[in-house]
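Results of the structural survey
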Amino acid sequence: MRKYWIEAKLEDMLEYIQPSNYIVDSVKYSDNYKIPVLTAGKTFILGYTNEKHNIFSEVPVIIFDDFTTATKFVNFRFKVKSSAMKILIPTSNLVNLKYVFYYMQTIRHNTDTHKRYWISIFSKLGIKIAPLPEQRAIVTKIEELFSKLDNGIDNLKKAKEKLQIYRQAVLKKAFEGDLTKEWRDQQADLPSAEELLEKIKKERENYYEEQLKDWKKAVSEWEANGKVGKRPSKPKMREFKSILDSKEVLELSDLPKNWFYNFLAYSGELGRGKSKHRPRNDSILFGGKYPFIQTAEVKAQDVIMEYSQTYSDFGLAQSKLWPKGTLCITIAANIAETGFLGIDACFPDSVVGFTPFESIIDKRYIDYFFKFAKMKISSWAPATAQKNINLNILENIIIPYCCLKEQIQVVSEIETRLSVCDNVITNIDEGLEKAEALRQSILKKAFEGRLLSKEELEVCRRECDWETAEKLLDRIKNEKKEGTKYEQ
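Below you will find a few notes about this structure. Here, residues in each chain are numbered from 1, in the same order as that chain's written sequence. With the structure being a predicted model, the display of local features is reserved for residues of pLDDT at least 70 and the display and counting of side-chain atom pairs for 80 or more, all residues being used for whole-chain, interface and lining totals. Think of the side-chain values as coming from all heavy atoms in the structure, minus any hydrogens and water.

**Comments concerning the overall build of the chain**
Helix and strand labels come from DSSP, where a helix needs a run of H or I of at least four residues and a strand needs a run of E of at least two; each type is numbered from the N terminus. Counting secondary structure elements, the chain contains 12 helices and 18 strands. For 488 residues, the compact-globule estimate of 2.2 N^0.38 gives 23 Å, and the C-alpha radius of gyration of the chain, at 32 Å, exceeds that figure by more than 25%. Considering only C-alpha atoms, the chain reaches an extent of 95 × 60 × 45 Å along its principal axes. A fraction of 75% describes how many contacts in the chain between residues 6 or more apart in sequence connect residues 24 or more apart. As presented, the chain carries roughly 27000 Å² of accessible surface, and 50% of it is formed by carbon and sulfur atoms. The size measure is the radius of gyration over C-alpha atoms, and the globule rule it meets is 2.2 Å times the number of residues to the 0.38 power. Here, two residues are considered to be in contact whenever any of their heavy atoms come within 4.5 Å of each other. Under the convention used here, a 1.4 Å probe and the Shrake-Rupley method define accessible areas, while residue burial counts only the protein chains that appear.

**Quick look at the sheet that holds strand 3 (residues 35-38)**
The 3 strands are arranged 4-3-7 in an open sheet whose pairing can be described as mixed. With partners counted over all chains shown, the strands left at the sheet margins are strand 4 (45-49) and strand 7 (79-80), one partner each. A pair of strands counts as paired when DSSP detects no fewer than two bridges linking them. Where strand 3 lies against strand 7, 2 bridges are found, and the strand directions are parallel. Looking at the pairing, leucine 38 lines up with valine 80 of strand 7.

**So, the environment of leucine 472**
Examined against the element boundaries, leucine 472 turns out to sit in helix 12 (residues 469-482). Each residue is assigned to one of three classes by its accessible area relative to the maximum for its type, calculated with a 1.4 Å probe on protein chains only: buried under 20%, partly exposed between the two thresholds, exposed over 50%. Exposure remark for leucine 472: the relative accessible area of 1% places this residue in the buried category. It is 37 Å that separates the C-alpha atoms of leucine 472 and isoleucine 153, two residues lying 319 residues apart in sequence.

**Let's talk about empty space enclosed by the protein**
Using a grid of 1 Å spacing that covers the protein atoms alone, one calls a set of points a cavity when a 1.4 Å probe fits there but cannot get out, and a pocket when the set is open and has protein on both sides within 12 Å along at least five of seven lines; lining residues are those with an atom within 4 Å of a point. Grid points are joined across faces, edges and corners, and a volume is the space filled by probe spheres set on the points. Scanning the model with the defined rule gives 1 cavity of 30 Å³ or more in all. Space inside the largest cavity adds up to approximately 40 Å³. In terms of lining, the largest cavity is formed by Arg2, Trp5, Glu134, Ile138, Ala446, Gly449, Arg450, Leu451, Leu452 and Leu457. Here the nonpolar group is Ala, Val, Leu, Ile, Met, Phe, Trp, Tyr, Cys and Pro; Asp, Glu, Lys and Arg are the charged ones; every other residue, Gly included, is treated as polar. The residue makeup of the lining of the largest cavity, split by class, is 6 nonpolar, 1 polar and 3 charged.

**Concerning the packing of aromatic side chains**
For this analysis, a ring pair means two rings from Phe, Tyr or Trp (six-membered ring only for Trp) whose centres lie within 6.5 Å, classed as stacked if their planes differ by under 30 degrees, edge-to-face if by over 60, and tilted for the remaining angles. Summed over the entire model, instances satisfying the criterion amount to 23 aromatic pairs. For the pair tyrosine 22 and phenylalanine 56, a centre-to-centre distance of 5.1 Å together with 85° between the ring planes defines the contact as edge-to-face. Of this pair, tyrosine 22 sits in the loop between strand 2 (14-17) and strand 3 while phenylalanine 56 sits in the loop between strand 4 and strand 5 (61-65), and the two are 34 residues apart along the sequence. Classification of tyrosine 22 as buried rests on a relative accessible area of 12%. Here phenylalanine 56 falls in the buried class, since its relative accessible area comes to 1%. On the numbers, 5.8 Å between centres and 80° between planes, the contact of phenylalanine 263 with tyrosine 266 is edge-to-face. Ring-pair connections join several aromatic residues into one group, and the members of that group are Phe175, Tyr365, Phe369, Phe370 and Phe372. Each ring is checked for a lysine NZ or an arginine CZ that lies within 6 Å of its centre and within 35 degrees of its normal; such an atom marks a charge sitting over the ring. Taking the ring centre of phenylalanine 44 as reference, the NZ or CZ of lysine 72 above it sits at 5.3 Å. It is lysine 371 that lies over the ring of tyrosine 368; its NZ or CZ is 6.0 Å from the centre.

**Describing the side chain of arginine 184**
Structurally, the position occupied by arginine 184 is in helix 4 (residues 181-185). What makes arginine 184 buried here is its relative accessible area of 13%. Excluding residues within four positions of it along the chain, arginine 184 makes contact with Gly177, Leu190, Pro256, Asn258, Trp259 and Glu406.

**Structural notes on the side chain of threonine 338**
Note on placement: threonine 338 falls in strand 16 (residues 338-341). At a separation of 2.5 Å, a polar atom in the side chain of threonine 338 contacts the side chain of aspartate 367. Among the polar contacts made by the side chain of threonine 338, one reaches the side chain of lysine 371 at a distance of 3.4 Å. Setting aside residues up to four positions removed in sequence, threonine 338 forms contacts with Val298, Gln301, Leu327, Cys328, Ile329, Asp367, Phe370 and Lys371. Pairing of N or O atoms within 3.5 Å defines a polar contact, subject to two protein rules: one partner must be a possible hydrogen donor and the other a possible acceptor, and residues neighboring in sequence count only if both atoms are side-chain atoms.

**Quick notes on unusual backbone geometry**
With omega at 10°, the peptide bond leading from valine 59 into proline 60 counts as cis. As for its position among the elements, proline 60 is in the loop between strand 4 and strand 5. Arginine 278 connects to proline 279 through a cis peptide bond whose omega is 0°. Checked against the element boundaries, proline 279 lands in the loop between strand 11 (268-272) and strand 12 (286-292). Even without being glycine, tyrosine 4 reaches a positive phi, approximately 80°. Its location among the elements puts tyrosine 4 in the segment before strand 1 (6-9).

**A word on helix 10 (residues 404-447)**
Every helix has an expected span of 1.5 Å times one less than the residues it contains. An ideal rise of 1.5 Å per residue puts 64 Å on 44 residues; helix 10 measures up with 63 Å between its terminal C-alpha atoms. Bend at a residue means the angle formed by two fitted axes: the first through the 7 residues ending at that position, the second through the 7 residues beginning there. Roughly 25° is the biggest bend found in helix 10, and it falls at leucine 418.

**Overview of the packing of helix 3 (residues 132-174) against helix 8 (residues 363-379)**
A fitted line through C-alpha atoms serves as each axis, taken over the contacting stretch for helices, and the angle formed by two N-to-C directions is quoted from 0 to 180°. Two elements in contact, helix 3 and helix 8, have axes whose closest approach is 9 Å; the angle formed by their N-to-C orientations is 125°. Taken together, the axis directions place helix 3 and helix 8 in an arrangement best described as oblique. Of the two elements, helix 3 crosses helix 8, and the hand of that crossing is left-handed. Taking contact as the criterion, the partners of Gln168, Leu171 and Lys172 in helix 3 are, on helix 8, Tyr368, Lys371 and Phe372. Split by residue class, the contact of helix 3 with helix 8 holds 3 nonpolar, 1 polar and 2 charged. Roughly parallel means an angle under 35 degrees; roughly antiparallel, over 145; roughly perpendicular, 65 to 115; everything else is oblique. Two helices cross in a left-handed way if the nearer one is turned anticlockwise from the farther one by less than a right angle. They cross in a right-handed way if the turn is clockwise.

**Quick word on the layout of surface pockets**
Its volume calculated, the largest pocket comes out at about 900 Å³. Lining of the largest pocket is provided by 23 residues; of these, Tyr207, Gln211, Pro235, Glu269 and Leu270 occupy positions nearest its centre. Those elements giving two or more residues to the lining of the largest pocket turn out to be helix 5 (193-224), strand 11 and helix 9 (391-395). Considering every element that reaches the lining of the largest pocket, the biggest residue donor is strand 11, with 5 residues. Taken together, the residues of the lining of the largest pocket break down into 9 nonpolar, 4 polar and 10 charged.

**Section: the nonpolar core**
The set of buried Ala, Val, Leu, Ile, Met, Phe, Trp, Tyr and Cys residues whose side-chain atoms join them within 4.5 Å is what this entry labels a nonpolar core. Judged by nonpolar contacts, the single largest core of 48 residues is most densely connected at Ile366, Phe370, Leu394 and Ile414. Secondary structure elements with two or more residues in this core: helix 3, helix 5, strand 10 (260-263), strand 15 (327-330), strand 17 (351-356), helix 8, strand 18 (398-401) and helix 10. By residue number, the principal contributor to this core is helix 8, which donates 7 residues. When near neighbours in sequence (up to four residues on either side) are disregarded, isoleucine 414 contacts Val170, Leu171, Ala174, Phe175, Leu179 and Tyr368. Counting 43 residues, the second largest nonpolar core, distinct from the first, contains Ile107, Leu443, Leu452 and Leu473.

This is the structure:
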């Protein structure tokens, strides 16, 4: 700590107001109204109200989330949504509130105990006080550096947004046949759309015949066991439509002559995961050796290797073990997220497993199609508390078909372009992490007294209100005793 500085407690610099008197009455908000409604959470400004009574106007203040310790500097009139915060006000006219606010950004505290933090912990924490002119100079220097840093961060975020747009453009061109046009022009043996349709139809018939054989075997075993339990259900053959109705493809892009649109159901087997037992969280289901994959884990991994839960033998008996390589597709919460199983695993009915007809479909092609169409598929979910789609919606998604040979080339063209894009995004993310580290470094230097140069410190000492922090703190405490607090 520098010469002439002193350490105090935050409660010496700040006192609090409970926001109860300033809670908004109405839940009707509009951008046309003038008074912001603040929350204690990440949203911060929930909306705007036209209520004219009980508006907090004695600004600036610091809003302190009493459960997470997040802080915001507020220099405008406001109302609040709830009392889950503290409004922190200066104890004296001598307190530089911006200086205190920036100091609070350096405090890291464990907030997982679900208690209110200002009175019990935060107000007792130390703060390093500099002479008042140095505080002003430090705040000015911090904001100059933060302004440059924020400009750089903004440019990185804009670049990342453009790359995300580029990713979607690549996928759009891929599934319109544009990426493989030159490759296609060099091929002499590609099947026509009619030939490919016939091959798909034949593959489906063969698959149905295999299902019938399995069903007949299961029925024989059921009869041999005295018909105990439910009779195995006979598989159903979905009617094959070689030509879709014009209204089904009306809004879809034109395709090359040997491509066509048809249903996802024709490309392979789609089946929901199984978790029949209720309640779903019954402890008897878990703790065994069988990986149990959930929707969040599908979203987080391209190749699913990590999992937080396992099924017991009992859990497996009421579920299904899907083989490594299965394409997982989520249909609840995080809709249309995909990932390939890197291990044999079970998953619940909020996840669909896709197994392609390998002679006609490359499952990577389907995976990239879902990455392309994710937002549109998600929009089909009903507006419920937890968004979800059913298996029927998934089966009836219309996809562009081309021959397997071209699908492999489509995947190659996509990956060539997106690998470069992904590398750049990784570099941007690293840059954003470094920027946040630099922000903390600036604050650390500021409150160690290392941000101002000797020349800047000399300018501070020549100001008329310069005095040691010890004297400043005494005057703050005296003014606090004599001052008038905000009315509650």
